[in-house]
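# Observations on chain architecture
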Amino acid sequence: MAQGIGSNSEYKALLNQMQGVFGQLSSFGGIKGGSYLNTIWSVAGNAEQLATGNESQKASAIQGLINNVLSIVEKLGNQEAANARKEVKRSEEDAKKLAEEQQKALTELNNGLEEIGNDIANQASIVSTANGTIETAQKDLQEKQEQINEIIEKIQEKQKELASTTDPEKQKELLSAIQGLSGQIAGIIAEVETIQINVQAAAEEVEAAVTDIETAKGNAVEVQENGELKITELAQQGAENVAETTQTQVKGVENSVTAKALEAAANASSSNFVTASAAAELSISAADQESAAGIRATGALGNLRNLMQGIGGLSDNINLLATFKNAIGGALETFNGYVGDYNSIIEPVITSIGSFVGEGGIAATTESLNEAIESDMEIIDGRLSGEEPAEESEDSSEEAVVNEDNLSGLSTPNVKLNPFKVA
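Residues numbered from 1 in each chain as written. Predicted model: local features only at pLDDT ≥ 70, side-chain atom pairs only at ≥ 80, totals over all residues. Heavy atoms only, no water.

Turning our eyes to something else, we now look at the overall build of the chain. In terms of helices and strands, the chain carries seven helices and zero strands. Along the chain direction, N to C, the helices and strands of the chain fall in the order α-α-α-α-α-α-α. A buried classification covers 42% of the 423 residues belonging to the chain. Surface summary for the chain: the accessible area is close to 22,000 Å², and the carbon and sulfur share equals 47%. (Helix = DSSP H or I, 4+ residues; strand = E, 2+ residues; numbered from the N terminus. Buried < 20%, exposed > 50% of the residue type's maximum accessible area, 1.4 Å probe, protein only. Areas by Shrake-Rupley, 256 points an atom, 1.4 Å probe, with all protein chains shown as cover.)

Below you can see the structure in the form of structure tokens.
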């Protein structure tokens, strides 16, 4: 005989486990009482009277069985076992689908975590690499500063020599030397311009990463919300599936009770000539109900086990969602740290580059020096050829100063080149 829901310890244990997953589920529901169930329980009551009542009660019970059992047979037919198999099969498919959907949701959530985590990590790597480029640029600029200051010292020495001589040959020699040193500065300035390009590219990459990270944040919120929604949907679906399985279990109990009643009715009918013709049909229906009871009891338990896989798996989804929040939060914190580093180092580097190539920087001063050298070369060439010297043009450079000790009559000694420091 099939076990009832109250006596099936494993079934009850599974339900308790599910309650732990859901927190608190509403009642699983059941088949509400109606004329059909009332008829079944009426048969059961009459069967009980047949077993324990006195002669008068038994006579009344037999009459009740005649009225009620024939009604049950008409309503039930002999298809209850077949219906039970279809019902159990349908629940089995639902349980399988729930488990598949839970795994699918878990995979999607995991893929979302991995994709967004990788995206944020990539953006963080971009900023970190850019920071390395900028830090290297600052070191390179400091080296360029030292190189240029050494050259400036040499130029200043040559300017002093030039200012103290009136010998055209010597002046031309010194101008050529100063011109060569100025060319070295120009070469360093070209290298600084390359550094400037690299720094600009790094800055643009950081700006793009900051923009992209906002998209990643939006995607993270979407994945999180979708994950929470899917968990809620699957939990609701799981609760409905459990309710359906429980209804199957309850039906199994009803089938078992009905089978007993039909067996009792068949026995009673076979001893009474009025109802003897119904005994065979009652026995067939009893067997059908008993078979349905077994199918439903076994199937309900098996399907509940299967449902536990999907419902229990939701714990993995919930845990992964918590991991998702923590992982994304940690990744964003790392990214923000790199951006903070960038903000602290980019401005000094830009200022340093400006001291080389910006307005008033060493590049502009060197340009004024080269103009003075070219002008002075023309003057000296005129002197050496015996021609009247061209009228000397005043150096228009803001760095030019009047040097009272300048005996050469040339402009180059008056161009002021001061050592400088990068930021």
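On to the packing of helix H4 (residues 80–163) against helix H6 (residues 279–357). Packed helix pairs are specified by the crossing angle of their axes together with the interaxial distance, meaning the distance between the axes. Two elements in contact, H4 and H6, have axes separated by 8 Å at closest approach and are oriented at 10 degrees. By the angle class used here, H4 and H6 are roughly parallel. Residues belonging to the contact of H4 with H6 are distributed by class as follows: 40 nonpolar, 22 polar and 10 charged. (Axes fitted to C-alpha atoms, helices over the stretch in contact; angles between N-to-C directions. Parallel < 35°, antiparallel > 145°, perpendicular 65-115°, else oblique. Nonpolar A, V, L, I, M, F, W, Y, C, P; charged D, E, K, R; others polar.)

Another point: the confidence of the model for the chain. Chain-level statistics for the chain give a pLDDT mean of 80 and a share of 76% at 70 or above. Put simply, helix H2 (residues 35–52) is where the chain has its lowest mean pLDDT, 41, and H4 is where it has its highest, 94. In this model, residues 1–7 is a region of pLDDT below 50 whose contacts with residues beyond four sequence positions or in other chains number 20 contacts. Counting interchain partners and residues more than four positions distant, the pLDDT-below-50 stretch residues 24–48 has 43 contacts. (pLDDT = per-residue confidence, 0-100. Contact = heavy atoms within 4.5 Å.)

Turning our attention to the pattern of salt bridges. Evaluation of the coordinates by the stated rule reveals nine salt bridges. Where Asp381 meets Lys172, a salt bridge forms, and the shortest distance between an N and an O atom there is 3.1 Å. Of this pair, Asp381 sits in helix H7 (residues 362–384) while Lys172 is found in helix H5 (residues 168–270), placing the two residues 209 residues apart along the sequence. The class for Asp381 is partly exposed, based on a relative accessible area of 36%. A relative accessible area of 30% means that Lys172 is categorised as partly exposed. The salt bridge involving Glu228 is made with Lys325; its shortest N-O contact spans 3.5 Å. (Salt bridge = Lys/Arg side-chain N within 4 Å of Asp/Glu carboxyl O.)

Quick look at H7 now. Taking 1.5 Å per residue, 23 residues should reach 33 Å; H7 reaches 32 Å between its end C-alpha atoms and fits that length. Positive backbone phi, at 80 degrees, marks Gly386, one or two positions downstream of H7. (Expected span 1.5 Å × (residues − 1).)

The subject of this paragraph is the side chain of Gln138. With respect to the helices and strands, the residue Gln138 is situated in helix H4. Overall, the relative accessible area of 14% leaves Gln138 in the buried class. At 3.4 Å, the side chain of Gln138 forms a polar contact with the side chain of Ser352. (Polar contact = N/O pair within 3.5 Å; in protein donor to acceptor, adjacent residues only side chain to side chain.)

In this structure, Asn418 sits in the segment after H7. A C-alpha to C-alpha distance of 9.5 Å links Asn418 and Thr365, two positions 53 residues apart in sequence. Other than its neighbours up to four places away in sequence, Asn418 contacts Ile152 and Gln156.

Attention now moves to the environment of Glu173. Its place among the elements puts Glu173 in helix H5. The spacing of Glu173 and Lys158 is 15 residues in sequence and 9.9 Å in space, taken between C-alpha atoms.

Let us now look at the nonpolar core. In terms of nonpolar packing, the biggest core is built from 57 residues, with Ile120, Ile148, Ile155, Ile185, Ile328, Phe335 and Ile362 touching the most fellow members. Elements that contribute at least two residues to this core include exactly H4, H5, H6 and H7. When residues in this core are grouped by element, the largest group, 18 residues, is from H5. Each residue touching Ile155, except ones within four places of it in the same chain, is listed here: Ile178, Leu181, Ser182, Ile185, Leu369 and Leu417. (Core = buried A, V, L, I, M, F, W, Y, C linked by side-chain atoms within 4.5 Å.)

So, on to a negative patch on the surface. A cluster of acidic side chains, namely Glu143, Glu146, Glu150, Glu153, Glu157, Glu161, Asp167, Glu169 and Glu173, defines a negative patch on the protein surface. Residue assignment for the negative patch shows that the elements contributing at least two residues are H4 and H5. Broken down by element, the negative patch gets its largest block of residues, six residues, from H4. Among the secondary structure elements, Glu153 is positioned in helix H4. A residue is classified by how much of its surface remains accessible, and Glu153, at 47% relative accessible area, is partly exposed. (Patch = residues over 30% accessible without salt bridge, like charges linked within 9 Å, V, L, I, M, F, W, Y side chains within 5 Å. Lys, Arg positive; Asp, Glu negative; His and termini not counted. Charge placed at Lys NZ, Arg CZ, Asp CG, Glu CD.)

A few words on the side chain of Gln171. Among the structural elements, Gln171 can be located in helix H5. A relative accessible area of 0% means that Gln171 is categorised as buried. Non-local contacts of Gln171, meaning those with residues more than four positions away in its chain, are made with Leu162, Thr165, Thr166, Ile380, Arg383, Ser408 and Leu410.

Summarising the element assignment, Asn317 is placed in helix H6. Separated by 209 residues in sequence, Asn317 and Glu108 place their C-alpha atoms 10.0 Å apart. In contact with Asn317, other than residues within four places in its own chain, are Gln102, Ala105, Leu106, Leu109 and Ile231.

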